[in-house]
Amino acid sequence: MSSSAGLDVAVIGATGAVGAVFLEVAAERDFPIGRLRLLATERSAGRELRFRDEMITVEVTGEDTLEGADLVFCSATAAASRHWGPRIAEAGGVLIDDGSAFRMEPNVPLVIPEVNGDDVEWHEGIISIPNCTTTPLAMALHALREVAPLKRVTAATYQAVSGSGTAAVEELALQLRAYGRGGPLPAPQEYPHQIALNVLPHVDDFEEDGYTREEAKMRNETRKILHLPELAFSSTCVRVPTMVGHAEAVHAEFDGPAPLDALREAIEAQDGLELLDDPAEAVYPTPLISEGDDRTFVGRLRADSSVEHGVAFWCVTDNLRKGAATNALQIAEELIRRGKLQARGL
């Protein structure tokens, strides 16, 4: 795909779950693409994907297929990010990376535009997207800390299988169909145990301290995004048998009084947040409500009776959109708005 106007854009991992959503969201937002290259491994090369009204052939990621790209979005392995990131930056392009490879590097901004958009100003050619569980949490906490400083946060996640990729989605679907037929369920391949009709307190590998890497990501990334390096934080990350939409039960403690009315006003004033909070009428966020939406939904806001200045709440977001693809495009839009991303050769 080429045009006389717009950016030269490449997507690494175009055939994955997030890559597909990236194309949908880019079309919806009318992102200024002049030339689009869809890249993946040799296994996926030759497939055709639709973008707007055009079918584009997927190519193998390589020096030649990345040459001249102004913007590269990567949703592949950490190894792929580490390999291509420095090369893209050295060539004068910008990599917006959906993986964990660079998130905690001190010279790489980790950005949610509604929270810390100013951090794109000091990028050196690579910008990271937070983990899909970090994004909704950091957005909600950013709003709440307008009322009082944060002191301590604990969270439990309820993460959809699409966070593990398309193979995990297919595995859950196969197991559910087998259960519906009354037959034996196929053996798990993507997870250590059956995911259908089950809940696994196991997202990513376990570390020596008993936490998983996913839980460490949430802690470290939230601290970096909020610029609160000493924030007391603990989480338990759980995989649940839903397709799309990560949910979180959160407890936040503050250094001083944080009246619920003021917290509600702060949530309603925060770009990207939507308050759904009328439990008496069964109004609260669910993964199905979030699917296909770019907002983070917050509900069940109430006082935490176990601490003096604390609240509990529930938040949900579409992990493929705001948790990944939409946030990437919003970062690119922020770069354009600030004059930090321009077409070089089209």
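Preceding this section is the structure that the text describes.
Residues numbered from 1 in each chain as written. Predicted model: local features only at pLDDT ≥ 70, side-chain atom pairs only at ≥ 80, totals over all residues. Heavy atoms only, no water.

> Would you mind going over the overall build of the protein with me for this structure?
In terms of regular secondary structure, the protein is built from 10 helices and 14 strands. Expected size for 346 residues packed as a compact globule is a radius of gyration near 20 Å; at 20 Å, the protein falls within 12% of this value. Overall size of the protein, expressed as C-alpha extent along the three principal axes, is 60 × 55 × 40 Å. Looking at the protein residue by residue over its 346 residues, the buried ones come to 53%. Counting only contacts in the protein whose residues sit at least 6 apart along the sequence, the fraction spanning at least 24 positions is 68%. (Helix = DSSP H or I, 4+ residues; strand = E, 2+ residues; numbered from the N terminus. Rg over C-alpha atoms; globule rule 2.2 N^0.38 Å. Buried < 20%, exposed > 50% of the residue type's maximum accessible area, 1.4 Å probe, protein only. Contact = heavy atoms within 4.5 Å.)

> Quick question: what am I supposed to make of the sheet that holds strand 8 (residues 126-128) here?
The strands that make up a sheet are held in pairs by hydrogen bonds between backbone atoms, and each pair lies either parallel or antiparallel. The six strands lie next to each other as 5-2-1-6-7-8, forming an open sheet whose pairing is parallel. Of all strands in the sheet, those bounded by a partner on one side alone are strand 5 (59-60) and strand 8. Strands in contact with helix 1 (residues 17-28) are strand 1 (7-12), strand 2 (33-40) and strand 6 (71-74); relative to strand 2, the strand with the most contacts, it is inclined by about 170°. (Pairing = 2+ DSSP bridges. Axes fitted to C-alpha atoms, helices over the stretch in contact; angles between N-to-C directions.)

> I would appreciate a short explanation of the packing of aromatic side chains in the present structure.
Each pair of aromatic rings is reported with the distance of its centres and the angle of its planes. Within this structure, the stated rule accounts for two aromatic pairs. When the ring of Phe22 is compared with that of Phe73, the centres are 4.4 Å apart and the planes differ by 10°; the resulting orientation is stacked. Highlighted residues: Phe22 in helix 1 and Phe73 in strand 6, separated in sequence by 51 residues. Neither residue differs from the other here; Phe22 and Phe73 are each classed as buried. (Phe/Tyr/Trp six-rings, centres within 6.5 Å; stacked < 30°, edge-to-face > 60°.)

> Explain unusual backbone geometry here, please?
In terms of backbone geometry, most residues other than glycine have negative phi values and most peptide bonds are trans. One non-glycine residue, Asp30, lies in the positive phi region at around 55°. Its place among the elements puts Asp30 in the loop between helix 1 and strand 2. Judged by relative accessible area, Asp30 falls into the exposed class, the value being 57%. We note that Arg300 has phi near 50°; this positive angle belongs to a residue other than glycine. In this fold, Arg300 is placed in strand 13 (residues 296-303).

> I'm lost on the nonpolar core in this one. Help?
Side chains of a nonpolar character, in soluble globular proteins, are inclined to be buried together. Of all hydrophobic cores here, the largest spans 38 residues; its most connected members are Phe31, Leu36, Leu38, Ile96 and Ile331. Listed by contribution, the elements that provide at least two residues to this core are strand 1, helix 1, strand 2, strand 3 (48-51), strand 6, strand 7 (94-97) and helix 10 (321-337). If you look at the next biggest cluster of nonpolar residues, it comprises 34 residues, including Ala140, Leu141, Ile267 and Leu301. (Core = buried A, V, L, I, M, F, W, Y, C linked by side-chain atoms within 4.5 Å.)

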